[in-house]
Amino acid sequence: QYPEKRDFFLEGLETFDFTQGGTKLFYSRNIGIDPVTREGIPILGGAKLTQKQGGYRLGIMSVQTEEQGSFPTTNYSVIRVRKDVLDQSYVGFIATSVLDGKHHDNQVLGADFGYKTDKFLGKRNFEIQGYLTGSNNDGLKHDNLAGRIYLTYPNDLINWYGLYHALDENFKPGIGFASRVGIKNYIWFLTI
């Protein structure tokens, strides 16, 4: 994963973040950069709106790249909404779309949440977070889901966490990436 250096994408970049456990649904370096040579693909134009107000974060972006070599002209779009709830928690939604000049398309819809407190059962720490998302790649609509649930109870007497993460083999985040697909992870850890 290479860091973003382009000013257009850097400004408000955190607004579009949807990252959990090796799955990132928006990665700006997938736009206008050849994934093999890492050379730039000309961008014809783009528009972006980011706003943070009243506990809400909203990000909307659409970018059109030029045809270059084997890369057809392509439109990349993303909408991300996140709402802060309670003291340290949030719920969110994301939609991404990639449509190129050769009629290849990819859409992703996803929702995520995080709940964190230091008042669980009186004065205990507790955190739960998760996401569920699905992709549609050139009309392929089966075995295309990804999801994760993570719970942790990190306290003095009992330190426990559990994780379940599953990515179907056809899950493909067009503007993002998944570290591995076709897997199911279960992790449980307890110390007393």
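Residues numbered from 1 in each chain as written. Predicted model: local features only at pLDDT ≥ 70, side-chain atom pairs only at ≥ 80, totals over all residues. Heavy atoms only, no water.

## Structural notes on the overall build of the chain
At step 1: On a plain count of helices and strands, the chain comes out with one helix and twelve strands.
At step 2: Counting helices and strands in the order they occur from the N terminus, the chain gives α-β-β-β-β-β-β-β-β-β-β-β-β.
At step 3: Overall, the C-alpha framework of the chain stretches about 60 × 40 × 25 Å when taken along its three principal axes.
At step 4: Counting every position in the chain, which comprises 192 residues, the buried fraction comes to 36%.
At step 5: Put simply, 49% of the contacts in the chain that link residues at least 6 apart link residues at least 24 apart.
At step 6: A total accessible area of about 11,000 Å² is found for the chain, and carbon and sulfur atoms account for 56% of it. (Helix = DSSP H or I, 4+ residues; strand = E, 2+ residues; numbered from the N terminus. Buried < 20%, exposed > 50% of the residue type's maximum accessible area, 1.4 Å probe, protein only. Contact = heavy atoms within 4.5 Å. Areas by Shrake-Rupley, 256 points an atom, 1.4 Å probe, with all protein chains shown as cover.)

## Some details on the pairing of strand β7 (residues 105-120)
In the case of a regular strand, side chains alternate between the two sheet surfaces.
At step 1: With ten bridges joining them, strand β6 (residues 89-100) and β7 adopt antiparallel strand pairing. Bridge assignment links T96 to a residue of β7, and that residue is V108.
At step 2: The turn linking β6 back onto β7 is made up of four residues, and H103 within it adopts a positive phi angle of 70°.
At step 3: Alignment of β7 against strand β8 (residues 124-137), held across 13 bridges, turns out to be antiparallel. Residue pairing in the sheet places Y115 in a bridge with I128 of β8.
At step 4: The hairpin formed by β7 and β8 contains three residues between the paired strands, and L121 there has a positive phi angle of roughly 50°. (Pairing = 2+ DSSP bridges.)

## Examining the environment of P154
At step 1: Residue placement: P154 occurs in strand β9 (residues 145-154).
At step 2: For the pair P154 and E127, spaced 27 residues apart in sequence, the C-alpha to C-alpha distance is 8.6 Å.
At step 3: Beyond its immediate stretch of four places on either side in the chain, P154 contacts N125, N159 and W160.

## Section: a nonpolar patch on the surface
At step 1: Together, L157, I158, L190 and I192 make up an exposed nonpolar region whose accessible area comes to about 460 Å².
At step 2: Tracing the chain through its elements places L190 in strand β12 (residues 183-191). (Patch = residues over 30% accessible without salt bridge, like charges linked within 9 Å, V, L, I, M, F, W, Y side chains within 5 Å. Salt bridge = Lys/Arg side-chain N within 4 Å of Asp/Glu carboxyl O.)

## Side note on the nonpolar core
Nonpolar side chains in soluble globular proteins generally cluster together in the buried interior.
At step 1: Ranked by internal contacts, the top residues of the largest apolar core, which has 19 residues, are F26, I31 and M61.
At step 2: Elements with a contribution of two residues or more to this core: β4 (56-65), β5 (74-85) and β6.
At step 3: If sequence neighbours within four positions are ignored, I31 has contacts with R6, F9, F26, V63, T65, Y76 and I175. (Core = buried A, V, L, I, M, F, W, Y, C linked by side-chain atoms within 4.5 Å.)

## As for the packing of aromatic side chains
At step 1: By the definition in use, this model includes ten aromatic pairs.
At step 2: Here the aromatic rings of F120 and F126 are separated by 4.6 Å at their centres, their planes lie at 20°, and the arrangement is stacked.
At step 3: On the basis of relative accessibility, which here comes to 28%, the residue F120 falls in the partly exposed class.
At step 4: What makes F126 buried here is its relative accessible area of 15%.
At step 5: For the ring pair F120 and Y153, a centre distance of 6.1 Å and an interplane angle of 75° mean the geometry is edge-to-face. On the criterion of sequence distance, the pair formed by F120 in strand β7 and Y153 in strand β9 is long-range, its members being 33 residues apart.
At step 6: Sitting over the ring of Y90, R82 keeps its end group 3.7 Å from the ring centre. (Phe/Tyr/Trp six-rings, centres within 6.5 Å; stacked < 30°, edge-to-face > 60°. Lys NZ or Arg CZ within 6 Å of the ring centre and 35° of its normal.)

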